[in-house]
Amino acid sequence: DIQMTQSPTSLAASVGESVTITCLASEDIYGSLVWYQQKPGKSPQLLIYGATILEDGIPSRFSGSGSDTQYSLKINSLQPEDFASYYCQNGLSTPLTFGSGTKLEIK
Amino acid sequence: QIQLVQSGPELKKPGESVKISCKASGYTFTDYAMHWVKQAPGKGLKWMGWINTYTGKPTYADDFKGRFVFSLEASASTANLQISNLKNEDTATYFCARGQLNPYWYFDFWGPGTMVTVSS
């Protein structure tokens, strides 16, 4: 199984700042990395797939990058609604595996 | 618009069974796979497996083989998850999610989740 190691586990930032979350796959996943946002009590929402492709309707302050085993999610100019948990997911092969999540909190 | 509507919360005792439904609307049900994802309280996401909505064939992740059954009522655009012989560790929110594979596996629409509580 492909293991996804996400960091940091939690992160505190202020509105207007930029943050980066990273995800390391245990083997090459050939750019098939997916990012989700989850707010408390809600279901996850797709942000990015294929490592860099922004889902329709997602603000352009979200961006993804990476290749091989190393990937990152960057959020520019944080807005109040961005404070949530973020998960990466291996999109290459089953079993589909998630990172352990990053909780982004307001400083 | 595309929607996945799940059945309501369940409170069960250990050893009982539960069946969760996920009704899809706004798209052709059989054109997309349906996946199931578990989230224990305060924990992360765990993929349980998926069902091919065209053929009805289920595929289970290793940790979900045996007591878990994915099924369909295709005529009603509904996918079901049944869990038998419930254990305390089955307490979780269960999400259905529409699956994409073009060429990446990912979930573009999610149900709101069904909370299952197992307690004696």
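Above: the structure in question.
Here is a short report on the structure shown in this document.

**Side note on the side chain of Thr102(A)**
All names here are of chain A. Tracing the sequence through the fold places threonine 102 in strand E10 (residues 102-106). Among the residues examined, threonine 102 registers a relative accessible area of 0% and is labelled buried. For threonine 102, the side chain forms a polar contact with the side chain of glutamine 6, separated by 3.1 Å. For threonine 102, the side chain forms a polar contact with the main-chain oxygen of proline 8, separated by 2.6 Å. Setting aside chain neighbours within four positions, we find threonine 102 in contact with Gln6, Ser7, Pro8, Thr9, Leu11, Ile21, Ala84, Ser85 and Tyr86.

**Looking at the layout of surface pockets**
In this model, the largest pocket occupies a volume close to 490 Å³. Considering the residues around the largest pocket, the lining is formed by 26 residues, among which Gln38(A), Pro40(A), Ser85(A), Tyr87(A) and Gln39(B) are closest to the centre. Among the secondary structure elements, those contributing two or more residues to the lining of the largest pocket are strand E9 (85-90) and E10 of chain A together with strand E9 (92-101) of chain B. Per-element tally for the lining of the largest pocket: the top contributor is E10(A), with four residues. Its residues assigned to classes, the lining of the largest pocket shows nine nonpolar, twelve polar and five charged. Of the pockets and cavities examined, the second largest pocket occupies roughly 400 Å³. Lining the second largest pocket we find 21 residues, and of these Asp1(A), Pro95(A), Leu96(A), Thr97(A) and Lys46(B) sit closest to its centre.

**A look at the packing of aromatic side chains**
The geometry of an aromatic ring pair is captured by the separation of the ring centres together with the interplanar angle, meaning the angle of the planes. Summed over the entire model, instances satisfying the criterion amount to 13 aromatic pairs over all chains. For the pair Tyr36(A) and Phe107(B), a centre-to-centre distance of 6.2 Å together with 20° between the ring planes defines the contact as stacked. Separated into two different chains, Tyr36(A) in strand E4 (residues 33-38) and Phe107(B) in strand E10 (residues 105-110) make up a pair that spans both. Residue Tyr36(A) shares its accessibility class with Phe107(B), and that shared class is buried. Measuring from ring centre to ring centre gives 5.4 Å for Tyr27(B) and Tyr32(B), while their planes differ by 85°; the resulting arrangement is edge-to-face. A cation over a ring is seen here: Arg98(B) above Tyr27(B), with NZ or CZ 4.7 Å from the ring centre. Sitting over the ring of Tyr32(B), Arg98(B) keeps its end group 3.7 Å from the ring centre.

**Quick word on the state of the cysteines**
All names here are of chain A. Applying the stated rule across the entire model yields two disulfides over all chains. With its sulfur 2.0 Å from that of its partner, cysteine 23 forms a disulfide with cysteine 88. What sets the handedness of the cysteine 23 and cysteine 88 disulfide is the S-S torsion sign, and at about 60° it is right-handed. Of the two residues, cysteine 23 is situated in strand E3 (residues 19-25) and cysteine 88 in strand E9; the sequence distance between them amounts to 65 residues.

About the cut-offs
- Residues numbered from 1 in each chain as written.
- Chains lettered and ligands numbered in written order.
- Predicted model: local features only at pLDDT ≥ 70, side-chain atom pairs only at ≥ 80, totals over all residues.
- Heavy atoms only, no water.
- Helix = DSSP H or I, 4+ residues; strand = E, 2+ residues; numbered from the N terminus.
- Buried < 20%, exposed > 50% of the residue type's maximum accessible area, 1.4 Å probe, protein only.
- Polar contact = N/O pair within 3.5 Å; in protein donor to acceptor, adjacent residues only side chain to side chain.
- Contact = heavy atoms within 4.5 Å.
- 1 Å grid on protein atoms, 1.4 Å probe; cavity = no way out; pocket = protein on both sides within 12 Å on 5 of 7 lines; lining within 4 Å.
- Points joined across faces, edges and corners; volume = space filled by probe spheres on them.
- Nonpolar A, V, L, I, M, F, W, Y, C, P; charged D, E, K, R; others polar.
- Phe/Tyr/Trp six-rings, centres within 6.5 Å; stacked < 30°, edge-to-face > 60°.
- Lys NZ or Arg CZ within 6 Å of the ring centre and 35° of its normal.
- Disulfide = S-S within 2.5 Å.

Function-wise, these values are silent; they only describe arrangement.
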